There are 2 protein chains.
Amino acid sequence: MSSLFVRTLREDPADAEVASHRLLVRAGYIRRAAPGIYTWLPLGLRVLGKIEAVVREEMAAAGAQEVHFPALLPREPYEATHRWTEYGPNLFRLQDRKKADYLLAPTHEEMFTLLVKDLYSSYKDLPVTLFQIQTKYRDEARPRAGLIRGREFVMKDAYSFDVDDAGLEAAYQAQRDAYERVFTRLGLEYVIVAATSGAMGGSRSEEFLSPSAIGEDTYVRSAGGYTANVEAVVTPVPAAVDASGVPAAHVEDTPDTPTIATLVAAANERHPRADGVAWTAADTLKNVVLALSHPDGTREVVVVGLPGDREVDLKRAEASFAPAEVEAAGDADFAKHPELVKGYIGPGVVGRTDTGREDAVRYLLDPRVVDGTCWITGANVSGKHVFDLVAGRDFVGDGTVETAEVRAGDPAPDGSGPLELARGIEIGHIFQLGRKYAEALGLKVLDQNGKQVTVTMGSYGIGVTRALAALAEAHHDDSGLAWPAHVAPAHVHVVATGKDAAVLAAADDVATRLSERGVEVLFDDRPKVSPGVKFADAELLGVPLVVVVGRGLADGVVEVRPRTGGESEQVTVADVVDTVAARVAQLLGS
Amino acid sequence: MSSLFVRTLREDPADAEVASHRLLVRAGYIRRAAPGIYTWLPLGLRVLGKIEAVVREEMAAAGAQEVHFPALLPREPYEATHRWTEYGPNLFRLQDRKKADYLLAPTHEEMFTLLVKDLYSSYKDLPVTLFQIQTKYRDEARPRAGLIRGREFVMKDAYSFDVDDAGLEAAYQAQRDAYERVFTRLGLEYVIVAATSGAMGGSRSEEFLSPSAIGEDTYVRSAGGYTANVEAVVTPVPAAVDASGVPAAHVEDTPDTPTIATLVAAANERHPRADGVAWTAADTLKNVVLALSHPDGTREVVVVGLPGDREVDLKRAEASFAPAEVEAAGDADFAKHPELVKGYIGPGVVGRTDTGREDAVRYLLDPRVVDGTCWITGANVSGKHVFDLVAGRDFVGDGTVETAEVRAGDPAPDGSGPLELARGIEIGHIFQLGRKYAEALGLKVLDQNGKQVTVTMGSYGIGVTRALAALAEAHHDDSGLAWPAHVAPAHVHVVATGKDAAVLAAADDVATRLSERGVEVLFDDRPKVSPGVKFADAELLGVPLVVVVGRGLADGVVEVRPRTGGESEQVTVADVVDTVAARVAQLLGS
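Please read these numbers as outputs of a predicted model, since none were measured by experiment. (Residues numbered from 1 in each chain as written. Chains lettered and ligands numbered in written order. Predicted model: local features only at pLDDT ≥ 70, side-chain atom pairs only at ≥ 80, totals over all residues. Heavy atoms only, no water.)

The second copy of the chain is related to the first by a rotation about an axis and a shift along the axis. Its rotation angle being 180°, the transformation that places chain A on chain B also includes 0.0 Å of axial translation and leaves an RMSD of 0.1 Å. Expressed as an axis order, the relation between the two copies is that of a two-fold axis. Of every C-alpha in chain A, the one belonging to A:Leu94 sits nearest the axis of rotation, 2.6 Å from it. Interface overlap between copies is the fraction of interface residues in one copy that are interface residues in the other; for chain A against chain B it reaches 100%, indicating a shared surface. (Least-squares fit on C-alpha atoms with pLDDT ≥ 70 in both. Contact = heavy atoms within 4.5 Å.)

Okay, here's the thing in structure tokens:
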């Protein structure tokens, strides 16, 4: 510690919102170089190296071979798959001195596809799974939470190549199993949830989430075992309703009712239901105007119709409209569409199917708006709503879209019970890509009959730097970090207390003997630092075992303290090496 | 080999000029992704990893601590040291989505300086030496020779921080010693030569060159032990000459003599020397027009005067005029300067000192043009030269500059004898930077007297990917690569020949038993590949020992062949593991 390049901080950094960011900076593991871009100090680099080693071992165990691609890549392959454009502003783009276009790769599907195309030509060459541990770049709109959403970060990305769907399924399962082993070995709790494929494309994907209140992803689970990212939850479609008894739609005066709450109040007061039951928000059809920013730079206004008791979840909307970015429409959007009477929008002026006009704003319906359902909705005139408007009879929309929020208690799509919601940090994502990239880039091999067949692919990512942050989120307390032994920067933190030369010499001896036994030791030999500061630093740095050499030395004992969860113990100087080595072996499960 | 992700090529890649490039591609170690940008396949990555491990161990042994900086960096620190501009078109620059300027770092002096400033504040914290092994970017005008001059490459860069010059000297020596150990362990012959500091700045620097005919650097050495990059050779300045007996300068007709050869011929024919000795090129003063491209985008024409028997060496000129880029002046440059009469340029119209005009073209002299030397040179009129023009009497120029070529036989600057020339690949470069970066970025610490002092720094680079290429240049033959054991992708290449299942089983057994003994084995188990192809592949891949299991098996023997330098040997199946393990241990020097 007297020569280690580290300085601990007592104060939280001003920009740190989450524990991992705060503690990794305070403990001298990382330093910010630019927004979302971090420098690794010696202790941080050790932890990162240990995580990488576990990932590398499990990839090898799963039969994946390691390669390494450049981060600086030419535009052409990403043009062929349209991702040069689809990534929009998330891609760092640049030109070289000859004005040729380059990018800093956010992920490498294209390059792996081209490499396999370059080397392989026969079904006999397959299957193959390749991986790399490599620096990735994404120009996030809002880099945040330290390492959790960065702009330069380390990923393990693997890609599988197979001739048929069964092969892809097996490769996918092998990676999925390897991920379970990786996160288990790292000491990182995880849940596997169904996910959307987003800009990646492909047929099936799952995410590995580390449960955490500060996670950016919300996921659902049912008692019956269904799990999914909320973005991937498919709303069960209710059966159609018999609306034969519903009277014709009729427009009613509803002055000053631009919101669902005011509309429901006015409806109950001025137009009560015939059966006397009160109208609720669920009886209204809310029409929400969204603005889509397409990757080609165009902006499109769409209207989404959903039950009035549901809000639009912009992340679910974005998953549905990918690769477009989605936001609530603004004044400029409304100005371009005078037919949209804010607060009173309804079918009739929107929807290409309903209006028969190709230039009409698209009108998309929540899956709950099935034929025969009956609604109160806007009449496209200020202060007026239409009642008894029946889906399928009076309007049809241009299709359905998943934009409505998922709520606790909603039914699981597979009938396995009501859903609970929780938050998590995405630490892994695995995709069955299918043939999208192979088709775009012409990756074919000869099959057993000498016929050219397009290869089918999977893509498998672990956020290595993010996993480190997730570990810090999961393993800390108010005093600092508390690493699981497998990823800790050292196994034992030896603290010499007191200014006595004999204490320092005894501590040095303990540290040396432990090192000789293969135990990784961080030795706090700083001569002029008080015991209080040393103890605080040891708690902040988070090494799993602390050995205090000091006051007890007169009685021939030292103290062995676990960083968390356990009692401290007095051990004789003669026994300390055996005792600590045994404890370390136990912590490492070896 | 049957499942390894590798394909060997029989044909040389069309763009490969040098052996390392040709063989690394043919043997399936690397693939080109873009000009000067390469992908690492499994075998290449193994070799790269072994080189990195040696570098890392020797850095640790030298007391350097490992950190890791981003490659994507903000403009500001590089602005403070002027390198944002000075790097000119060699820097990859880009903007993020908020239009903030970033660069892909070519080297990290600024960031290390700021990091130490961030963490340290007292002389007690020093000395410290930090390093990283990291991906670097330079937008080379002419990427060439595969990994030797790339645009994305791996470097080890270390930086030392000291309070005084003695500390810097010690840190520099520690790194220099570590470099010697690194290259020795890698099996890479090297010479250490004095070097110029170029865009890096600082007072002293040395390069580690791997001698190679295809190297881009030319260096000199004398019998007395002087070594230097030609760019760093300082011309010994001759003593001034007594020119009191030289008549006044006189202009003579020399029609059609735009070159030194035609001038010398005409001078001997029409204006012979009074003493009857023939004029030679060395009696003429050649005035060469160069165009400097300054990093700020401006272009400057300068005239360099040097003895007519010497050519301008553009690399020496570039070292002298750094950070400007240098080329021969073109027609457009001459068009802007009508006073420069091509082929007949001389003092009088150039030189701010000589003409007394601030807007005159700068006129810089070779150090050999000392006071009293007497020259034939251009008279600034077509077809006329001036004779008996004496330096110091008739012209003085605006200073001296090193641009003249160094030739074999030139005297060493330290008087240690005549120079020989050779070529080498730059694999390391160490600099005593001094206080340039610390001053620009405000890195000060409190000294023992409580006074703020500016820290002094060193910077130490190893081209890791380039060292791999230099190893391939030094260790190959016509059949392929021939790696030293420490960096080879495996220690032993076991080749099973013949289609007999028993052969494959025996080979598999040998490979397995060798692996169990800790020997790294590459096993060619491909069932349908002919022995000839397998042998050719083994020679191409370059693993140091080859074990052939095949025909001899009937007699209970296998063949053990060194890849180079040694006889092949028949060894019994019973002995083969012991024999090979012993050979490997010998090759590894362990």
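Here we come to the packing of helix H2 (residues 42-61) of chain B against helix H6 (residues 165-186) of chain B. Residue and element names in this part refer to chain B. In the contact formed by H2 and H6, the axes pass within 9 Å of each other and the chain directions differ by 150°. For the element pair H2 / H6, the angle class is roughly antiparallel. As H2 runs across H6, the sense of the crossing is right-handed. Note on element contacts: H6 touches H2 through Gln175, Ala178, Tyr179, Arg181, Val182, Arg185 and Leu186, opposite Ile51, Val54, Val55, Glu57, Glu58, Met59 and Ala61. (Axes fitted to C-alpha atoms, helices over the stretch in contact; angles between N-to-C directions. Helix = DSSP H or I, 4+ residues; strand = E, 2+ residues; numbered from the N terminus. Parallel < 35°, antiparallel > 145°, perpendicular 65-115°, else oblique. Left-handed = near helix turned anticlockwise from the far one by under 90°.)

It is worth spelling out the domain arrangement of chain A at this point. Its domain assignment divides chain A into domain 1 (42-71 + 105-233 + 420-473), domain 2 (250-390) and domain 3 (490-587). Each of domain 2 of chain A and domain 3 of chain A was reduced to a C-alpha centroid, and the two centroids are 66 Å apart. (Domains from an automatic or database assignment.)

Right, let's get into the sheet that holds strand S18 (residues 374-381) of chain B. Residues and elements named next belong to chain B. Strand order in the open sheet made by the three strands is S13-S19-S18, with antiparallel pairing throughout. Each end of this open sheet is capped by a strand with a single partner; those strands are strand S13 (250-253) and S18. Each strand of the sheet is rotated relative to its neighbour by a mean of 35°, with strand direction disregarded. Direction of pairing for S18 relative to strand S19 (residues 384-390): antiparallel, over a ladder of five bridges. In the strand pairing of S19, Cys374 is matched with Val390. (Pairing = 2+ DSSP bridges.)

Turning next to the interface of chain A and chain B. Across the contact, 50 residues belong to chain A and 51 residues belong to chain B. Counting the surface chain A buries against chain B, the share from its top three residues, A:Phe5, A:Arg97 and A:Leu119, is 19%. Where chain A packs against chain B, one counts six salt bridges. A:Asp125 serves as the salt-bridge partner of B:Arg7, at 2.5 Å between the closest nitrogen and oxygen. (Buried area = accessible area lost by both parts, 1.4 Å probe. Salt bridge = Lys/Arg side-chain N within 4 Å of Asp/Glu carboxyl O.)

To continue, consider the pattern of salt bridges. All names here are of chain B. Overall, the coordinates contain 102 salt bridges over all chains when judged by the stated rule. Note that Glu206 is salt-bridged to Arg176, the shortest N-O span being 2.8 Å. Of this pair, Glu206 sits in strand S10 (residues 204-211) while Arg176 sits in helix H6, and the two are 30 residues apart along the sequence. Taken as a pair, Glu206 and Arg176 share a single burial class, namely buried. (Buried < 20%, exposed > 50% of the residue type's maximum accessible area, 1.4 Å probe, protein only.)

Moving on, we come to unusual backbone geometry. Backbone torsion omega between A:Leu126 and A:Pro127 reads 0°, so that peptide bond is classified as cis. Along the chain, the position of A:Pro127 falls in the loop between helix H5 (109-119) and strand S7 (128-137). Backbone geometry at B:His82 places phi at a positive 70°, although glycine is not the residue there. Structurally, B:His82 can be placed in the loop between helix H3 (76-80) and helix H4 (83-86). Accessibility expressed as a relative area gives 52% for B:His82, which makes it exposed.

With that settled, consider the pairing of strand S6 (residues 101-104) of chain A. Residues and elements named next belong to chain A. Relative to S6, strand S4 (residues 72-74) runs antiparallel, the two being bridged by three bridges. Pairing of Leu73 across the sheet is with Leu103, part of S6. As paired strands, strand S5 (residues 92-95) and S6 are joined by four bridges and run antiparallel to one another. Paired with Phe92 across the bridge in S6 is Leu104. Joining the antiparallel neighbours S5 and S6 is a turn of five residues, in which Lys99 adopts a positive phi near 65°.

Residue and element names in this part refer to chain A. Of all 16 residues in strand S20 (residues 419-434), 12 are buried; the element is thus mostly enclosed. Strand direction decides the pairing type here: strand S10 (residues 204-211) and S20, joined by eight bridges, are antiparallel. Its bridge partner being in S20, Pro211 is matched across the sheet by Gly424. Where strand S11 (residues 217-222) meets S20, six bridges bridge the pair, whose relative direction is antiparallel.

Glancing now at helix H7 (residues 260-270) of chain A. All names here are of chain A. Inspection of H7 places Ile260, Leu263, Val264, Ala266 and Ala267 among the buried residues, and these make up the whole buried set. All buried residues of H7 fall inside an arc of 165° around its axis, so they share one side. Turned more than 90 degrees from where H7 packs its buried face, Ala261 and Glu269 sit exposed. Contact partners of the buried residues in H7: strand S14 (285-293), strand S18 (374-381) and strand S19 (384-390). (Arc of directions from axis to C-beta.)

All right, on to the sheet that holds strand S14 (residues 285-293) of chain B then. Hydrogen bonding along the main chain pairs the strands of a sheet, whether they run parallel or antiparallel. All names here are of chain B. As summarised here, the arrangement of the four strands in space is S16-S14-S15-S17, forming an open sheet in which the pairing is mixed. Strand pairing shows two members of the sheet lacking a second neighbour, strand S16 (325-328) and strand S17 (362-365), which therefore form its edges. With strand direction ignored, the average angle separating the axes of adjacent strands in the sheet is 35°. In this structure, S14 lies alongside S16, joined through four bridges in antiparallel fashion. Across the sheet, the residue bridging to Ala291 is Glu327, located in S16. Here helix H8 (residues 314-321) sits on the sheet and contacts S14, strand S15 (299-307), S16 and S17; the angle it forms with S16, its principal contact strand, is near 140°.

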